[in-house]
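Breakdown of the fold
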Amino acid sequence: MDQPSPPNGAPPLRVLHFVSGGFSGATQVAIDLCGPQSGQQTFLVLRRRSVDPAPRMAQLRAQGIEVAVVPRWPHLATIVALARLCRAWKPDVLVAHGFSEHLWGRYAGLVAGVARLIQVEHNTRERYGWWRLRQSLWLARRTERIIGVSRAVRDALVRRGHPAHKCTVVLNGIDLARWTASLPWHERENAIVMPARFAAQKDHLTLIRAAARLAELGFKPTIYLAGEGRSSWRRRAQHLAARLGLREQVRFLGHVPELPALLGRVKFCVLSSHYEGLGLGLIEGMASGCCGVGTDVEGIQEVLADGETGFLVPHKDADALARRLAALLQDDALAQHVAAAGQQHVQQTFSRERMREEYLAFFRG
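Residues numbered from 1 in each chain as written. Predicted model: local features only at pLDDT ≥ 70, side-chain atom pairs only at ≥ 80, totals over all residues. Heavy atoms only, no water.

**A few points about the packing of helix α10 (residues 280-287) against helix α12 (residues 332-349)**
In plain terms, the rule: Interaxial angles span 0 to 180 degrees and are taken between N-to-C directions of axes, which are lines fitted to C-alpha atoms, for helices over the stretch in contact. To qualify as a helix, a DSSP run of H or I must reach at least 4 residues; to qualify as a strand, a run of E must reach at least 2; elements of each kind are numbered from the N terminus. Oblique is the label for every angle not falling under 35 degrees (roughly parallel), over 145 degrees (roughly antiparallel), or within 65 to 115 degrees (roughly perpendicular). Left-handed describes a crossing whose near helix is turned anticlockwise from the far helix by less than a right angle; the clockwise case is right-handed. Residue contacts are defined here by distance: any two heavy atoms, one from each residue, within 4.5 Å place the two residues in contact.
One can describe the packing of α10 onto α12 by two numbers: an axis separation of 8 Å at closest approach and a directional angle of 115 degrees. One way to sum up the angle between α10 and α12 is to call them roughly perpendicular. Crossing handedness for the pair α10 and α12: left-handed. Of the residues in α12, those in contact with I283, M286 and A287 of α10 are G342, Q343 and V346.

Set out below in structure tokens:
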């Protein structure tokens, strides 16, 4: 696929990104690092998930992204298929995103003889276990750079024993143009969106309990839960909402293809997670003009300044979350002011262009 050459006339780098084919933040970051851009040619390889990949691949190709899919199981099949693609496409750099894809991706790169391997860690608490941590540390010796998507992620990598001199930070960025087509504040719905997959990490249950406390205080905003994830965690959330009498108030939307439109018409974006790598859903909500509220945990603390560009609430504290949301529902001027400051902060800090430039500097370095 033809892409622009760098301004200095040097041949563009060939960069292969390998990531899960799900709807995670890691996958979206890899997608945002691909496509036509100056200085590099990119190839996105997705590790197959349970859903049919054909519609998504067609959508990505329509965006100008060269994409392929490799098997998910067994791991050896993933490695062999990816190594075959590497031999055919001949990347200068292989970037393996997320756990456990960064293990299988780098093994494939070694088998195929790719000269430069880069690991991108997208979360602070991954389920490494003894054996997978040993593999990651062995691969680290053969990896040029290990990138954390926040300072918290970088510090977690070093604590696990990854070489500090190879570990660095590149904050995630988003395509700001995709998230800024929003309604004026006074036309927005007094509602809350939590854009997050269903998983233990995300803690939808605390937000649902906070909705019940809000009802006791006389507030009944609609709660939109946008995301797929594990069906077992979704069922737990649905059962809790039903038990608390919130069946009509809490809406389970599943995957929302037009998430920017949803975030652009509501006033509040909440991320009640136990921890994050970098709260990408919250960043997208703030970019869309929502007032952002997140738990005071790693990976969210780096997204906003409490009381200035958003609000932090104690972890796993439904009462505190309900009190904060009630105060904002009562003080519309404050919510609007902080939402505007948060949107400006995101535009200045979390752009896709800045992220791409920093990654390209590492690729060329």
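**Describing the state of the cysteines**
Test applied: The disulfide criterion used throughout: a pair of cysteine sulfur atoms within 2.5 Å. For each residue, the accessible area found with a 1.4 Å probe, counting protein chains only, is set against the maximum for its type, and the residue is called buried under 20%, exposed over 50%, and partly exposed in between.
For the coordinates displayed, the defined rule picks out zero disulfides. Residue C86 stays outside any disulfide, its sulfur separated by 13 Å from that of C34, the closest cysteine. C269 takes part in no disulfide bond, and the closest cysteine sulfur to it belongs to C290, at a distance of 5.5 Å. Judged by relative accessible area, which is 0%, C269 ranks as buried.

**Notes on the confidence of the model for the protein**
Note the threshold: pLDDT: the predictor's confidence for each residue, scored from 0 to 100.
When pLDDT is averaged along the protein, the result is 95; 98% of the residues meet or exceed 70. This stretch, residues 1-5, has a pLDDT under 50; its non-local contacts, to residues over four places away or in other chains, come to 20 contacts.

**Let's talk about the nonpolar core**
Rules: Only buried residues count toward a nonpolar core. Its members are Ala, Val, Leu, Ile, Met, Phe, Trp, Tyr and Cys residues joined through side-chain atoms within 4.5 Å.
L16, I208, L225 and F363 are the most contacted members of the largest nonpolar core, which has 110 residues in total. Excluding anything up to four places from it in sequence, L16 contacts F43, V45, L82, C86, W89, P91, V93, L94 and V95. With eleven residues, the next largest nonpolar core counts A26, I31, M57 and L60 among its residues.

**Details of empty space enclosed by the protein**
Heads up, the condition is: A cavity here means a set of 1 Å grid points, computed over protein atoms only, where a 1.4 Å probe fits but cannot escape. A pocket is an open set with protein on both sides within 12 Å along at least 5 of 7 lines, and lining residues have an atom within 4 Å of a point. Grid points are joined across faces, edges and corners, and a volume is the space filled by probe spheres set on the points. Residues are grouped as follows: Ala, Val, Leu, Ile, Met, Phe, Trp, Tyr, Cys and Pro are nonpolar; Asp, Glu, Lys and Arg are charged; all remaining types, including Gly, are polar.
Overall, the coordinates contain one cavity of 30 Å³ or more when judged by the stated rule. Quantified by volume, the largest cavity comes out at close to 40 Å³. Taken together, F198, A199, D203, H204, L205 and W233 make up the lining of the largest cavity. Its residues assigned to classes, the lining of the largest cavity shows four nonpolar, one polar and one charged.

**Examining the sheet that holds strand β6 (residues 145-148)**
Quick reminder of the rule: Two strands form a pair only when DSSP identifies at least two bridges running between them.
Overall, parallel pairing links the seven strands, which are arranged β3-β2-β1-β4-β5-β6-β7 in an open sheet. With one partner strand each, in any of the chains shown, β3 (67-70) and β7 (167-169) form the two edges of the open sheet. This sheet shows a mean twist of 25 degrees between the axes of neighbouring strands, independent of strand direction. Each of β1 (13-20), β2 (40-47), β3 and β4 (93-97) touches helix α3 (residues 75-89); the most contacted strand, β2, lies at about 160 degrees to it.

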